[in-house]
Amino acid sequence: MRGSHLFQPNRALGYVSNHVPPNVRYIEQRRENIVITCVGRSFHVYGCDSLRLIRAGRIHQENITALAADGFLTYAAAGNVIYGWRSSVELRKVFRGHIAPVHLLLPFAQHLISIDESSLLKVWIVATAGLYLEIPFAKDEFAISAIVHPASYKNKILLGSGQGGLQLWNLKSSKLVHKFESFDSKVLQLVQAPAIDVIAIGLHNGRIVLLNIKYGEKVLEVHQDWGPVTGISFRTDGYSVMASGSSNGQIVFWDLEEKTIVSTLTAHDDSVTGLEFLPNEPLLVSCSPDNSLKMWIFDMPDGGARLLRYREGHAASPTCVRYHGASGRNILSSGEDASLRIFSTASETLNCSMGKASYNRKASKKNKKKSEDPFRMPAISYFTSETTRDKEWDSIAALHHGLVQVTTWSFDKRRMGELSLVPEQFQNKSRTDFSVTATCLCLTHCGNFVTIGYSSGHVERFNIQSGAHRATYGAPKAHKEHVRGLASDNLNQMIVSGAADGLLKFWRFKEAYATVIKTPIDTMKLEEPITLLRTHRESAMICVALDDFSVVLVDMDTRVVVRRFEGHRGMVTDACFSPDSRWLMTAAQDCTIKVWDIPSAYLIDHFRVAQMCTSLSMSPTGDFLATAHVDYRGINLWANKSLFSHVTLRGLKPDSEAPLLDLPTTVVEESESSWMKETTEDEAVEDLEDELERINLDYRSPPQLSSELITMSDLAASRWQNLLNLDIIKKRNRPRQAPQKPKSAPFFLPTVAGLDFEFDLSRTDAARGDEQQRQLLGSDGSHIIETKQLDHLTDFGKLLKAALVTEEYEKAVLHLMKLGPTMIDYEIRHLTPFDGGNGSLSVMGAFMRMIIAMFGARREFELAQSYLSVFLKQHGRTVVENEQLSELLPEIERAQAEGWSVLEDKLLYGLGVVSNLRNYSA
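None of the values given here were measured: they were computed from a predicted structure.

So, about the pattern of salt bridges. Side chains that carry opposite charge are capable of pairing whenever their charged atoms lie near each other. Scanning all chains against the criterion turns up 23 salt bridges. One salt bridge connects Lys391 with Asp412, and the closest N-O pair in it is separated by 3.1 Å. One end of the pair, Lys391, is in the loop between strand E34 (380–385) and strand E35 (396–400); the other, Asp412, is in the loop between strand E36 (406–410) and strand E37 (415–421), with 21 residues separating them in the sequence.

A few words now on the packing of helix H8 (residues 841–857) against helix H9 (residues 861–881). At their nearest, the axes of H8 and H9 sit 10 Å apart, and the two run at 150 degrees to each other. With respect to each other, H8 and H9 are oriented roughly antiparallel. Here the hand of the crossing between H8 and H9 comes out left-handed. Two secondary-structure elements touch here, H8 through Leu841, Met844, Phe847, Met848, Ile851, Met854 and Phe855 and H9 through Phe861, Leu863, Ala864, Gln865, Tyr867, Leu868, Phe871, His875, Thr878 and Val879.

As a rule of thumb, soluble globular proteins bury nonpolar side chains together. Among the nonpolar cores identified, the biggest contains 41 residues, and Leu800, Phe847, Met850 and Tyr867 are the most heavily contacted of them. Sorting elements by how many residues they give to this core places H8 first, with 10 residues. Those residues in contact with Tyr867, other than ones at most four positions away along the chain, are Leu723, Leu816, Met817, Ile824, Ile828, Phe847 and Ile851. Listed in part, the 34 residues of the second largest apolar core include Cys320, Ala398, Val436 and Ala438.

Successive residues of a regular strand alternate their side chains across the two faces of the sheet. By the criterion of burial, strand E28 (residues 292–297) is predominantly enclosed, with six of the six residues buried. Alternating residues of E28 divide into Ser292, Lys294 and Trp296 and Leu293, Met295 and Ile297, and every residue in both groups is buried. Hairpin connection of strand E27 (residues 283–288) to E28: three residues between the antiparallel strands, including Asn291 at a positive phi of 70 degrees. Relative to strand E29 (residues 306–312), E28 runs antiparallel, the two sharing six bridges. Opposite Ser292, over in E29, you have Glu312 as the bridge partner.

What counts as what
- Along each chain, the written sequence defines residue order, and numbers are assigned to residues from 1.
- It should be noted that, the model being predicted, local features are given only for residues of pLDDT at least 70 and side-chain atom pairs only at 80 or more, the latter also being counted only at that level, while totals for whole chains, interfaces and linings use all residues.
- Each side-chain value is worked out from all heavy atoms of the structure, with water and hydrogens disregarded.
- A pairing counts as a salt bridge when a side-chain nitrogen of Lys or Arg comes within 4 Å of a carboxyl oxygen of Asp or Glu.
- Comment: elements are numbered from the N terminus, with helices defined as DSSP H or I runs of at least four residues and strands as E runs of at least two.
- Fitted lines through C-alpha atoms serve as axes, helices being fitted only where they are in contact, and the angles separating the N-to-C directions of these axes extend from 0 to 180 degrees.
- The cut-offs work like this: below 35 degrees is roughly parallel, past 145 is roughly antiparallel, 65 to 115 is roughly perpendicular, and the gaps in between are oblique.
- By definition, turning the near helix anticlockwise from the far helix through less than a right angle yields a left-handed crossing, and turning it clockwise yields a right-handed one.
- Every residue pair with non-hydrogen atoms within 4.5 Å of one another is taken to be in contact.
- Throughout this description, the term nonpolar core refers to a set of buried Ala, Val, Leu, Ile, Met, Phe, Trp, Tyr and Cys residues connected via side-chain atoms within 4.5 Å.
- Residue burial is assigned from relative accessible area. The probe radius is 1.4 Å, only protein chains are included, and a residue is buried under 20% of its type maximum, exposed over 50%, and partly exposed in between.
- Note: two strands are recorded as paired if DSSP finds a minimum of 2 bridges between them.

It is worth stressing that arrangement in space is one thing and function is another; only the former is reported here.
Take a look at the structure:
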């Protein structure tokens, strides 16, 4: 079966931008500028007023290589194909014809210009998506690297090449107008200056040339010392300032009148790929492959810029993700860029960066070169957090690759803490082995203590508020090998440590007047070295991953292995429990994520992803599973389908092949991109087979499992339980004052008796008049009234009378089940021909045979009992006095006794078993 039983891709968090240059344009309807950024196979649209994410584009088959937009469509080039989108999600145009990936796009009035990596230029007619013009270029002579449409130059474009040359072409005549002198360096940027005829040229060697293309003269030439020119933009709000971006994240502001540098700005950690001043505003938008989008405002006293708004995520892949807090709205994430971030699942505007780990935070702040910070610490490999003391002191402890230090962070203050936890024997003044690193840690539930394990086998406990050392476990050390996992209970009574020697040791959390806990309470020897430990404190269970790719569950109270799961084909990278401790989710290096049902010890779900999952965490509310993957900068959320729909679970073979799933995107997408490709006949048959398999797996209970069992109805108890006491209920609910007749009663259509609202069109005035006419005239047109017309039976009575011939009472039973208690009482009361009833003795007999049939079928057992009780209460005397009806009573008694005896035997058997078990346990 295709897909996962329990989880479906929901959305991805933390994606903002990549190396593809963004596009900025003004939207008349919104009256604001928007920024379109690329995020792999999709694109994001941000509003500049608040830098809020407005829309997210659909998923393309390949990574997007170029973006462009005009007043109507957004163009995205993915591989050799160009897609034109309306409102980011409605596909309007598809341009096919390139044989190489497209890397440059330029909307040109009613046309679109595209250039691929083979330097083939195509001009498309947007309205028809047809090809208008094609101009091939020799890549070894003129490899097109930049393109611009000079203002006021009709039908002309300016092309820049990787060899440094410039060419002006007339597209209408398909002729080369002029060839400019080469600059001997690759042309990276071509931007129209505010002045007519002037084009800004950014070169790979750092030169910026303002060229008057009308006369072929250089107006201005400057040189930036920070590498290639990756972006150029001009202010249009009255200041003659030009901004240029560099490959190391620096933005330089040039005074065009004085021909000097006004100021510099360290904007990004990576190359500045997008740089755009908003029209007639002192606002600058910059973008970078470091996964950030920033807006700068020029309101400083010296004319400089400051950061106004920003959206950013991890600049490198996340290493560890964990939900923080009971609400399930905040996710803590550490990345290979040494940063720790908070991602909100409610709104991306609530995302926050806690900064990057640094040996000296003050010195790092003063350092202007962000990408070359000498004080930056290695990436965080693992962290743990608690919410109990969030407001008082640091509540997060983090490990770093290759370091013995453990850093603390404050979730409340959104920054790195002041403490660096290092045992005295590993401090530089007394350190003898510099290869020792911190390998695992555990924060207590109270938020006061953090226990740290080291590669040397030591286990130490610190106070996270003061940083003071509190206890040492083991003498001289806890384990002989690397400590790979630590766990503690809810009440700080026990610490559990696991190491590469395969030993799982249970220690007292503390001993009176002792800072060294020498011996453990108990020791468990496992078959293989331990890879990691994860705990669920509320249920006192520890998940132990072993080096043979298996996972065992250990009960902390009884200290025995209670479950063992095997099925992974690679090292387990992370594991987590569901909030109710019923499921265990594990991720391994075989790129699979498996879900194990702990009570039944079965594998109930698994799926495979393209890239290995390095970390995963289940929401405290159980609605989402968060995962982090290799080479992906975002956090992926998977929705738990069992909370939103009925899911039928079954045991799976652990060694069976897991289905491959695509990672979530910013917006939930269909499982297949129907707009992207046509479905073949074989694929349609395969999809149909998968759908039939899905339907077969979705088990639906039949109306009756077996005729040997007693089956109750699915009606609410209020529909049948109070039928015998209906008179008492009516008397109790009788209004104190009689209802008054309205002055002018409105016209109402008659309705059919029952719980379902339905008009009785057969009782309209026209239909009633026709019926009366038919009653006055016989079937042969005479005035003789037929005998059957004197039969005034109710709808239920008519169904019973018809059942006398067919002996099928199912329609009558279904009709009675649709009625409410009052109508049921009315129907049964009017079965008799006496005391104002409109029934007959034959109909009463049919009712009794219906009850016998219900007892015989052993369905709707409680309804049959209730209906029989009401019938005997109303018509008991009539049944006894009539010989034909009284002959049916023994049959009813016999059918009722047979059904009740089966039910009674089962009940007595169950009570006996429960009583026996209770006595045995006592």
